[in-house]
Amino acid sequence: MVVLKILEIVGTIAFAVSGAFVAIKARLDLFGVLFIGCITAVGGGIVRDLLIGATPPAIFSRAYILFVALGASALVFLLAYIHRKDFDKIQKKVEYVNTFFDAVGLAAFTVMGTEVAFVNGIHENAFLSIALGMLTGVGGGIFRDVLTDTTPYIFKKHVYALASIGGAVVYYFIRYNVEKAWIPSLIAGVLIVTIRMLAAHFRWSLPKVHLDEDDKQ
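The rules behind these values
Residues numbered from 1 in each chain as written. Predicted model: local features only at pLDDT ≥ 70, side-chain atom pairs only at ≥ 80, totals over all residues. Heavy atoms only, no water. Helix = DSSP H or I, 4+ residues; strand = E, 2+ residues; numbered from the N terminus. Rg over C-alpha atoms; globule rule 2.2 N^0.38 Å. Buried < 20%, exposed > 50% of the residue type's maximum accessible area, 1.4 Å probe, protein only. Contact = heavy atoms within 4.5 Å. Areas by Shrake-Rupley, 256 points an atom, 1.4 Å probe, with all protein chains shown as cover. Phe/Tyr/Trp six-rings, centres within 6.5 Å; stacked < 30°, edge-to-face > 60°. Salt bridge = Lys/Arg side-chain N within 4 Å of Asp/Glu carboxyl O. Axes fitted to C-alpha atoms, helices over the stretch in contact; angles between N-to-C directions. Parallel < 35°, antiparallel > 145°, perpendicular 65-115°, else oblique. Left-handed = near helix turned anticlockwise from the far one by under 90°. Nonpolar A, V, L, I, M, F, W, Y, C, P; charged D, E, K, R; others polar. Expected span 1.5 Å × (residues − 1). Arc of directions from axis to C-beta.

**Q** Got a minute to help me understand the overall build of the protein in this structure?
**A** When helices and strands are tallied, the protein shows eight helices and zero strands. Counting from the amino terminus, helix and strand elements in the protein follow one another as α-α-α-α-α-α-α-α. In terms of overall dimensions, the protein is globule-like: its C-alpha atoms have a radius of gyration of 17 Å, near the 17 Å expected for 217 residues. Overall size of the protein, expressed as C-alpha extent along the three principal axes, is 50 × 40 × 25 Å. Across the 217 residues of the protein, 46% fall into the buried class. Relative to all contacts within the protein whose residues are 6 or more apart in sequence, the contacts with residues 24 or more apart total 76%. Per element, the accessible surface of the protein, about 11600 Å² overall, is 69% carbon and sulfur.

Structural data, given as structure tokens:
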């Protein structure tokens, strides 16, 4: 399906770039940057496929996706290496770029994961369909954060998982009534990216229990 292929490539590039940025900030070497970039790009899809019993996961039969992730990660490493002296100075710009690519990846893979339910004929189960979208969207990021010794993004940052769930819900109910997948893909994708970028800009977060003054920062 054309829509799925487009979403997969867009999401792969976006999440590979995001993962590579996080790996560079964690001071990992070239192999570490490539590995984190790739696992960020394909991790959510692996979780999704295992959940619906599609084994081995699709990534192992579509090697070109892995090469796309490797290429994107390598490019980020190369650019960061060339500008390594200024990398820390432009931290805010790097963080913004990382947030944008992460938002695009989240949108693409959330939509793709939800669409997989329709492709596999299990879309009558709304809860499963939405869960597939959310897990595909956030799964790679969880792998990325755990492997770089960071608290997973979805548990602390600006309504991250909620943006994915909201997009999956919107996609599911529009897709259920509209045959052409590109229409809900566009609507849900724009919604997720918009929520994520606004949340990052205005620092929207869910309530926390602040146990000391440092938690409020």
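Next comes the rest of the description.
**Q** Please clarify how the packing of aromatic side chains should be interpreted in this entry.
**A** How two aromatic rings sit relative to each other is set out by the distance from centre to centre and by the angle between their planes. Under the definition given, this model contains nine aromatic pairs. Each ring, one from F31 and one from F35, has its centre 6.1 Å from the other, and the planes form 25 degrees; the classification is stacked. One end of the pair is F31 and the other is F35, both in helix 2 (residues 30-51) and four residues apart, which spans about a single turn. Given the relative accessible area of 42%, F35 is considered partly exposed. Pairing F100 with F101 gives two aromatic rings, centres 5.9 Å apart and planes at 75 degrees, and the pair type is edge-to-face. Accessibility expressed as a relative area gives 36% for F100, which makes it partly exposed. Judged by relative accessible area, F101 falls into the partly exposed class, the value being 27%.

**Q** What should I look at first to understand the pattern of salt bridges in this one?
**A** Pairs may arise between side chains of opposite charge once their charged atoms sit close together. Taken as a whole and judged by the stated rule, the model has six salt bridges. Ionic pairing is found between E95 and K25, a salt bridge with its closest N-O pair at 2.8 Å. Taken together, the positions of E95 in helix 5 (residues 91-119) and K25 in helix 1 (residues 2-25) put the pair 70 residues apart, joining distant regions of the chain. According to the relative accessible area criterion, K25 is partly exposed, its value standing at 36%. The partner of R48 in a salt bridge is D49, with the nearest N and O atoms 3.0 Å apart. By relative accessible area, which is 5% here, D49 ends up buried. Beyond isolated ion pairs, a larger network of salt bridges with shared partners links D102, R144 and D145.

**Q** Quick question: what am I supposed to make of the packing of helix 1 against helix 2 here?
**A** For any two helices packed against each other, one specifies the inter-axial angle together with the distance between the axes. For the pair helix 1 and helix 2, interaxial distance at closest approach is 7 Å and the crossing angle is 140 degrees. In this view, helix 1 runs oblique relative to helix 2, as classed from their interaxial angle. By crossing handedness, the relation of helix 1 to helix 2 is classed as right-handed. Contact residues: T12, F15, A16, G19, A20, A23 and I24 in helix 1; G32, V33, I36, G37, T40 and A41 in helix 2. Counted by class, the contact of helix 1 with helix 2 contains eight nonpolar, five polar and no charged residues.

**Q** Hey, could you run me through unusual backbone geometry in this one?
**A** Glycine aside, the phi torsion of most residues is negative, and most peptide linkages are trans. For the bond running from T55 to P56, omega is -10 degrees, close enough to zero to count as cis. Tracing the backbone shows P56 in the loop between helix 2 and helix 3 (63-82).

**Q** Help me understand the side chain of T99, please; the structure alone is not making it clear to me.
**A** In this fold, T99 is placed in helix 5. Contacts of T99, omitting those with residues within four sequence positions, involve Y153, R196, M197 and A200.

**Q** I keep staring at helix 3 and nothing clicks. Help me out?
**A** Given 3.6 residues per helical turn, the α-helix brings residues three or four places apart onto the same face. End to end, helix 3 covers 29 Å across 20 residues, agreeing with the expected 28 Å (1.5 Å per residue, within 8%). What helix 3 keeps buried is the set I65, A69, A72, S73, V76 and A80. Axial view of helix 3: buried residues confined to an arc of 90 degrees, hence all on one face. Opposite the buried face of helix 3, at more than 90 degrees from it, the exposed residues are F67 and I82.

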